[in-house]
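Remarks on the overall topology
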Amino acid sequence: MTAEDIDWQHRLVVYVRGKTGTVSRLQFGEGLAKLLQTLPSEGPLFPRLATLDQKRRGEMFLCRCRRLNIVGVTLHSYRYAWAERARIAG
């Protein structure tokens with residue numbers, strides 16, 4: 001995601017999904033707005049992560065989970081969680 005994906009007027013993050021090419025629009029509230037304002041105002045929101053390949057990002061996520069004693073969660077878990085919520089919502 002890039003800073004250009006943020007629509008501050010409507011409080012939306014709008015981006016094109018890499019795999020499907022579909023547009024995703026996610027509305028955010030005040031808490032996330034404050035966090036987003038701490039990130040770069042142009043270019044990638046997470047410049048360091050943007051340079052890493054998918055495998056390396058997964059390894060970093062797993063390492064942080066281990067440090068926090070979080071088990072049974074992977075980056076791929078979020079895909080399944082979203083799919084389940086979408087199915088329930090119809």
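Worth saying up front: this structure is predicted, and the values here are computed from it rather than measured.

**Describing helix α3 (residues 54-67)**
- Counted at 1.5 Å a residue, the expected span for α3 with its 14 residues is 20 Å, and the 20 Å between its end C-alpha atoms agrees.
- At the N-terminal boundary of α3, the capping side chain belongs to D53, with an oxygen 3.2 Å from the backbone nitrogen of K55.
- Two residues or fewer past α3, N69 is found with a positive phi of approximately 60 degrees.

**Description of the packing of aromatic side chains**
- Evaluation of the coordinates by the stated rule reveals 1 aromatic pair.
- Measuring from centroid to centroid gives 5.8 Å for W8 and F28, while their planes differ by 85 degrees, and the two rings are edge-to-face. Residue W8 is found in the loop between β1 (6-7) and β2 (12-16), and its partner F28 is found in the loop between β3 (23-27) and α1 (30-36); the two are separated by 20 residues along the sequence.
- Exposure remark for W8: the relative accessible area of 38% places this residue in the partly exposed category.
- When its relative accessible area of 7% is taken as the criterion, F28 is described as buried.

**So, the nonpolar core**
- By size, the foremost hydrophobic cluster in this structure holds 9 residues: A3, I6, V13, Y15, F28, A33, L36, L39 and L45.
- Those elements giving two or more residues to this core turn out to be β2 and α1.
- The contact partners of Y15, leaving out residues within four places of it in the chain, are M1, D5, T22, V23, S24 and L26.

**Observations concerning the environment of V23**
- Position of V23 relative to the elements: it lies in strand β3.
- What makes V23 partly exposed here is its relative accessible area of 45%.
- Once the C-alpha coordinates of V23 and W8 are considered, the two residues, 15 residues apart in sequence, prove to be 17 Å apart.
- Excluding residues within four positions of it along the chain, V23 makes contact with V14, Y15 and V16.

What counts and what doesn't
Residues numbered from 1 in each chain as written. Predicted model: local features only at pLDDT ≥ 70, side-chain atom pairs only at ≥ 80, totals over all residues. Heavy atoms only, no water. Helix = DSSP H or I, 4+ residues; strand = E, 2+ residues; numbered from the N terminus. Expected span 1.5 Å × (residues − 1). Polar contact = N/O pair within 3.5 Å; in protein donor to acceptor, adjacent residues only side chain to side chain. Phe/Tyr/Trp six-rings, centres within 6.5 Å; stacked < 30°, edge-to-face > 60°. Buried < 20%, exposed > 50% of the residue type's maximum accessible area, 1.4 Å probe, protein only. Core = buried A, V, L, I, M, F, W, Y, C linked by side-chain atoms within 4.5 Å. Contact = heavy atoms within 4.5 Å.

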